[in-house]
Structure formats: structure tokens, C-alpha cells
Amino acid sequence: MSMNRRTVVKAIAAGSALVGASVMMPRVAMAAWTESAFKADKQDAAMKALLGSADAADSAEVTLKAPDIAENGAVVPVTVRTKMANVESISIFVANNPNPLVAEFIIPAGTEADVSTRLRMGKTSQVTAVVKADGKLYSAAKEVKVTIGGCGG
Amino acid sequence: MSMSRREFAQLMGLAGAAGLLPTTGFAAKKQSADLYEVPNFGNVRLLHITDCHAQLLPVYFREPNVNLGIGPAYGKAPHLVGDKLLNHFGIAPNTLEAHAFSYLKFNEAAQKYGKVGGFAHIKTLVNRLREGYGRDKTLLLDGGDTWQGSGTSYKTRGMDMVKATNELGVDIMTGHWEFTYHQEEILNNIKAFNGEFLAHNVMITEDALFEGADEYIFDEDSGRVFKPYMMREMGGARVAIIGQAFPRTKIANPARFIPDWSFDIFDRELQELVDQIRAEEKPDAVVVISHNGMDVDLAMASRVSGIDVILGGHTHDGMPQPTVVKNNAGQTLVCNVGSNGKFVGVMDLDIRNGKVQGFNYRLLPVFSELLAPDPAMAKLITDIRAPYTDWLNEELAVADEVMFRRGNFNGTFDQVICDALREQLDAQVSLSPGFRWGTSVLEGQMVRMEHVLDQTCLTYPETYARNMKGSDLKLILEDVADNIFNPEPYLQSGGDMVRVGGFDYVCDPMKPVGQRISEMTLDNGEKIDMNKEYKVAGWATVGARSEGPDIWDVTANYLRDKKVARISKLNTPKLKNVANNPGIAAYAKL
């Protein structure tokens, strides 16, 4: 079967892919609960409000893909994936943003835990991906540099 | 105006097969045969040029006296200057080679040995190196920064250099400043280029893919805009060549010209590509033509395995020998071949039984007086320049001292540009980017419009004059300093420190970002107040287009007015904690 990349991109954009719906739905259902997490101005507070704890174990099984230097701080592409079993959610934090919690993805049972999004970053910061699986928290982090650019030779 | 012997020779189409011009002076005395006599070794010859910055004619180019290595780069190639560099590579001082590879006694030696580079001279040398080895066993690779840097490349949107590289016979290239034209122009230029344009690390954005970029990109599934690699059978061996474009193009240069493309180093993707090529194509050798810059190439060579040779550019380091980097799969040779057409790298490889068994390397300086110009190339260059000669040749001012740019901090030509910005745009202070291109003018020689263009010619030349707070100025200096002095090469973006006019500062390259710059002080002795506003003039804005006149006109107006290019005060920082660094010499403020 050949479904090329452009078709997939279009399908996702059209909202026909299951993943689109599954990410949206819980957000509405839990809006009241997550509001304090999204409004928190410290990463620890945001993690506690969202996940119940600010402690997540560094794990090589969490893959966080982000650039070393952002081409454009306004839209920094990141991908988080893991092969862990029973993944419930993936959340992404930017420590130096005014509101560190950027996104939470609810992963329905049986779904591949592989999400991509774009972050807005005002300055250089640690970016942390937290995977909740079997009720426990696992993380991977990476510093992404935001620079004024220019002056390259 | 007097015509030089070389210009005369070009005009007459006078040229030997590859040897000497009938001449007097240095060229007559020097036994040049040994310089370009490279013994044949192995069965594959890779000829490597890079970063010519569209210099079609011979030029002067002064190597840096400041090229600091910080952290793991301390004291290692390419971060060696002057005697330290000569000692490291075993080059005798006061020789032609010492002049080629170092800044030492530049003015005197440049007068003695003459200009370097020039496409007609490079062509003669390349022909000789190909024919002497067997044309079918050689490849000519160009690391990019070829389509930008001169008045003619600006006027023709890089097409002059496409024609020149076609005439030269470049087989493969990759790019950086090539991406400072518009997307469609770049694609058109590549179409007109007879060789292959390779870049594994330029990806299409999802948005562009959605809008129909699949019409022209190389591969929709990987997202690669350009062909990532090619195979070549030569000398009985299968050689894979991968292209690595400058990974920080959209950070160092305007993203607005190339909105649909995204760049990075892409280690993981490169490792996958190397592994795939090794498995499917069964190559005997894997070569990368790279525009990473030497520090990034050295780091990449330690992190990605399975590459035999990286032919590198970007940082304009003329390294007489490659650096050998050990990694999981054995070793990788990392080369860098300078800039402005000054050098041709010759990498001879002995490839047998499915692997590289040995190598012989020479970095040949192109001394124009020792190589007759190739007549066909000379004619092409004359034709390219013909519509613009009045503009290019205008004499502006006499150089009071050697005018140059290259080095981590202000060069003399930068100071002229910074002074011109302040005076012409009525600003307290000025900023000028620390590009590594820009040719040199000897003391007492005429600075022509062409020289100003060599220093300034890019596709976003508009100037600005606007108020900035002291804290904004500091932020700019800190960010640029981190792009050079961050000990992690992947966090560097290449280039040298931003040049300043009207103020001085103290810089400690060893400190982390935010703490390197201090004591910013105006020329009148007043400390720069972080909360006060200052009128700042500059050029080459990467974000939005500025509204002021083009930088070359600002500089030319200033020089016409002054008639002498003279520096009254060089605004170069006082440096801390680098006095013993082998990457600095003859620097006054330590």
C-alpha cells in the first residue's frame, strides 16, 4: 500500500486521523483540572499540578528529539516517542518559558506513543518530556539554544 | 591605470600547458615545479576546493592572528596561528608555504609572492592534477560558499559562479551562502550546474509539503529537498559521496529567502544514511563533502562512524594536513581547505579490498604567478565582468595599512566599515558582522569598489540606524560570542565576533554565555549604561529587511570622502584568560 507522506499530512490536517480526535477530547473533559498546571510559572509546580509529582526518573526509553539550536524560537519542532508499555500521557515542559507546561498528550490504550508538536521559546531553555506509564513518571531532557542569529561566516 | 602582467597574459590568451609564465622576479627565481609536483599515490584522487566566495580573479588574503580554541579545541588544529601553526605542521618560517598558511609578515611576503587564487589559475592547477593522475580516477568537490561574495555574483544572483564552476569541471558541491538567494533561484542555479548538488541535511517543512513542494523535492518520505549522496566508480573502487550543507543556515542567514527548507546537523539521520549506503551500495569508501565548519566536523567524526574522509569548509581554515579522528568504526580524516580560492586540497586514497588502506594529502596554495591562467576560463571571467567593470574598478581611497578582516575580532577593513556606518548614518556606535570572507588590500594600494564589495556583498546589504538600550547591545555581543566560544561545537554557528565601532569592551571567552562581555565603554570614556539608549548603525539584518542604503554605498561614500583608508582607533576588545592560548598572537590588548 502506498500512502505517501503528503497524503498522511493532509489526512491529519483534515482531522480524519484518530489521533487528532483522541488528543482533543480529554483536553475538554479535563479542562478545569489542567488549568492550574498550564498557568503555573514554575516547572515543578506545573508537573505537580498536572502529574501529581515533580519527580520523574530519567529514562533512556524516552526519546526526545529537538534541535540543539532553534531555527526559529517561535516554532521549535519536537518529537517525543517511547516503546514503554501502558503509556497514559506524554507532557512537554520548557523550564524558562513564563508558563513551562506546553502540551499534554493523552495516549489511549493501544496507541503508539509518538507525538510531535512545536514549542514557542523566548530564550535558551531545558526542554523536558515526561512520560506517564503504569502510573509512574519517566523523563528525557535536552537544552535547546535560542539565539539572535546572524553574523555567520 | 597600469595593467598587470597577469591581466595582460589573460588578454593575450597566453598560457603554457600548466607551467610557468615567462617572467622576471619571484616567479623566475622560484623553483615552482616542486610545489605543484604531487606524486601519485593510491587509486583515487579527490580534489577539494571550498569557500571561494565568488573570487574569480586572484586576490590577497591574510590568514588570522586570532583563531581561539576553547575547551576541547584548545591548542588543536585549526586553532593555531602564526609560529604555533608553522611548528605544529613542520613548516619552515619565511618561506612561500609559511606565507600561504600564516599571517606572519603578511604585507612584505604578499608583495614578494604575489596574489593567490583566481579561477583561471585554479583551472590550470586542477587540470594538471587530474591529467597527471588519470581523469577517470579523480573527482573535483566544492564545499560551497561559491555563489556569493563578489559584485558579479550579486548582480547575476550566483549564475556567474555556476558558469565558472561548470568551466572548472566541479563534479559535486554542497552549500551555505548558496541559500541566500530565493528558493526558486537556488533551484534554477542547481539546474544550470553540470555537477551534482548534494545535501542530506536540508528537509522540507510539513507546511511546504502540504502546499505542493513534492513537485520538486528529492524524496518525499525522508523529506530531503536535495539528493543526499551519490556513488562513483573510480580507480577500481566504489566511492560514496554524501553532501552536508551548512546546518545553521536559517539561523546565521535570513530564513525569509528559504521559508520551506529546514537545516540541522542531523547526526542520527547521517548515521542511518551511512549504514544504509554501507549495506546496500557496498562502497569501498565513504566521503562527506561538508560545510559544517571544522570544529563541527571534528565532533561529527567522533559521533558518526563509517565515514572515511570529511572534506570540510565554512570556517576558512587552511589546514596543511587532515586531523585523524578515532571512532567506533576506526577513523575519519577531517580536512579544511581555507577560502577565497587560495588553496586546492589533494587527497589521494589507496582503496583496496573494500577499504581505505592509506592516504597521501597535500594542501596546495594557488600562487597566481606560478600558474598560467587557463585561456578559456580567463575569457569567461572577462565576459562575466565586462558589464560591471566601471563599477568594480572605481578607485576609492589609498590603504594606509593592510586592510583585512579575518580573525576572531575586528580587522582593519571592519573598522573602516564601522567608522563609515557611524559617520554616514550619524550614529554613536556601530556593529558589523564577523564574516570570515573578505579579501585583503596591501599597504599603499588603492582600495577599489571591488574590494569594498568583497567585504560586504550579500543579498541583504541594507543598513539601519536605530536606538538600542545598552542591555540590548550586551545581549547581541553575548549571543554572538557564544556562537564562537561555546565549548560544544554543535552550539557554535561559525563566523567570528561581531565587529564594533565607537566603543570597546572586555571579553573573557572562557566564561559561559551571559558572562563573557563586560566594561562596555564609549570612545569618549563613558561607560555604556544598560538602561540608556544609544543610536546604533549596522547592516545585514537576518530578521526583517532594513530600510537604509546598501552597506557598500555607505562605505564607498566614506572612502571617497576620506581619500585615505586610515584607522584612528581600532575598537577591539581587551581579552581575558587567553594570553597563553596558541590561537592568538600579535594581539595588543591581552
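Residues numbered from 1 in each chain as written. Chains lettered and ligands numbered in written order. Predicted model: local features only at pLDDT ≥ 70, side-chain atom pairs only at ≥ 80, totals over all residues.

1. Topic: the overall build of chain A
Moving on, step 1. From N to C terminus, chain A includes 4 helices and 8 strands.
Moving on, step 2. Each helix (α) and strand (β) of chain A, taken in turn from the N terminus, gives the series α-α-α-α-β-β-β-β-β-β-β-β.
Moving on, step 3. Out of the 153 residues belonging to chain A, those deemed buried represent 34%. (Helix = DSSP H or I, 4+ residues; strand = E, 2+ residues; numbered from the N terminus. Buried ≥ 20, exposed ≤ 12 C-beta atoms within 10 Å, placed from the backbone.)

2. A short note on the interface of chain B and chain A
Moving on, step 1. Contacts between the two partners involve 32 residues from chain B and, on the opposite side, 19 residues from chain A.
Moving on, step 2. At the level of elements, helix 11 (206-210), helix 12 (249-252), strand 16 (429-434), helix 19 (470-485) and strand 19 (496-501) of chain B are the ones that each hand at least two residues to the side of chain B that touches chain A.
Moving on, step 3. The element best represented in the side of chain B that touches chain A is helix 19 of chain B, accounting for 4 residues.
Moving on, step 4. Residues belonging to the side of chain B that touches chain A are distributed by class as follows: 15 nonpolar, 7 polar and 10 charged. (Contact = placed C-beta atoms within 7 Å. Nonpolar A, V, L, I, M, F, W, Y, C, P; charged D, E, K, R; others polar.)

3. A few points about the pairing of strand 3 (residues 76-82) of chain A
Residues and elements named next belong to chain A.
Moving on, step 1. Here strand 3 shows one buried face, formed by Val76, Val78, Val80 and Thr82, and one open face, formed by Pro77, Thr79 and Arg81.
Moving on, step 2. Pairing between strand 2 (residues 62-65) and strand 3: 4 bridges, direction antiparallel. Paired with Lys65 across the two strands is Thr79, which belongs to strand 3.
Moving on, step 3. Two elements, strand 3 and strand 6 (residues 113-119), share 7 bridges in a ladder whose sense is antiparallel. From the neighbouring strand, Val78 faces strand 6, where its bridge partner is Thr117. (Pairing = 2+ DSSP bridges.)

4. Considering unusual backbone geometry
Residues and elements named next belong to chain B.
Moving on, step 1. Residue Pro78 is bonded to the preceding Ala77 through a cis peptide linkage, with omega at 10°.
Moving on, step 2. Within the secondary structure layout, Pro78 lies in the loop between strand 1 (44-49) and helix 4 (82-89).
Moving on, step 3. We note that Arg157 has phi near 55°; this positive angle belongs to a residue other than glycine.
Moving on, step 4. The backbone of Asp426 shows a phi angle near 55°, a positive value even though the residue is not glycine.
Moving on, step 5. Within the secondary structure, Asp426 sits in the loop between helix 17 (412-424) and strand 16.

5. Some words on the pairing of strand 2 (residues 138-142) of chain B
Residues and elements named next belong to chain B.
Moving on, step 1. The element strand 2 is largely enclosed, with a buried count of 5 among its 5 residues.
Moving on, step 2. Alternating positions in strand 2 separate into two faces, Thr138, Leu140 and Asp142 on one and Leu139 and Leu141 on the other, with burial throughout.
Moving on, step 3. In this sheet, strand 2 lies alongside strand 1 in parallel orientation, the contact comprising 5 bridges. Residue Leu46 lies in a different strand from strand 2, and its bridge partner there is Leu139.
Moving on, step 4. Where strand 2 lies against strand 3 (residues 172-173), 2 bridges are found, and the strand directions are parallel. By the bridge assignment for strand 3, Leu141 is matched with Ile172.

6. Some words on helix 9 (residues 159-168) of chain B
Residues and elements named next belong to chain B.
Moving on, step 1. Every buried residue of helix 9 is listed here: Asp160, Met161, Val162, Ala164, Thr165 and Leu168.
Moving on, step 2. Turning to helix 9, the residues buried within the fold contact helix 7 (119-131), strand 2, helix 8 (151-155), strand 3, helix 10 (183-192) and helix 15 (375-385).
Moving on, step 3. Looking one or two residues past helix 9, Gly169 carries a phi angle of roughly 90°, positive in sign.

7. Observations concerning the sheet that holds strand 17 (residues 446-448) of chain B
Sheet strands pair by backbone hydrogen bonding; their relative direction is either parallel or antiparallel.
Residue and element names in this part refer to chain B.
Moving on, step 1. Strand order in the open sheet formed by 3 strands is 17-15-23, and the pairing between neighbours is mixed. The open sheet has two free edges, formed respectively by strand 17 and strand 23 (564-565), since each of these has just one partner strand.
Moving on, step 2. Of the pairings in the sheet, the one linking strand 15 (residues 395-399) to strand 23 comprises 2 bridges and is parallel in character. Residue pairing for strand 23: Val398 is matched across the bridge by Val564.

8. Topic: the nonpolar core
Note on soluble globular proteins: their nonpolar side chains tend to be buried together.
Moving on, step 1. With 178 residues, the main nonpolar core has Val287 and Val344 of chain B as its most contacted residues.
Moving on, step 2. Looking at which element gives the most residues to this core, the answer is helix 19 of chain B, with 7 residues.
Moving on, step 3. Two domains each provide a minimum of three residues to this core, namely domain 1 (45-60 + 114-382) and domain 2 (394-575) of chain B.
Moving on, step 4. Val287 of chain B has contacts with Leu46, Val239, Ala240, Ile241, Asp308, Val309 and Leu311 of chain B, leaving out every residue within four places of it along the chain.
Moving on, step 5. With 36 residues, the next largest nonpolar core counts Val76, Leu101, Val115 and Leu119 of chain A among its residues. (Core = buried A, V, L, I, M, F, W, Y, C linked by C-beta atoms within 7 Å. Domains from an automatic or database assignment.)

9. Looking at the confidence of the model for chain A
Do not read the predicted coordinates in detail wherever pLDDT is low.
Moving on, step 1. On average, residues of chain A carry a pLDDT of 84, and 76% of them reach 70 or more.
Moving on, step 2. Long-range and interchain partners of residues 13-26 of chain A, a stretch whose pLDDT sits below 50, account for 12 contacts in this model, where long-range means more than four residues apart. (pLDDT = per-residue confidence, 0-100.)

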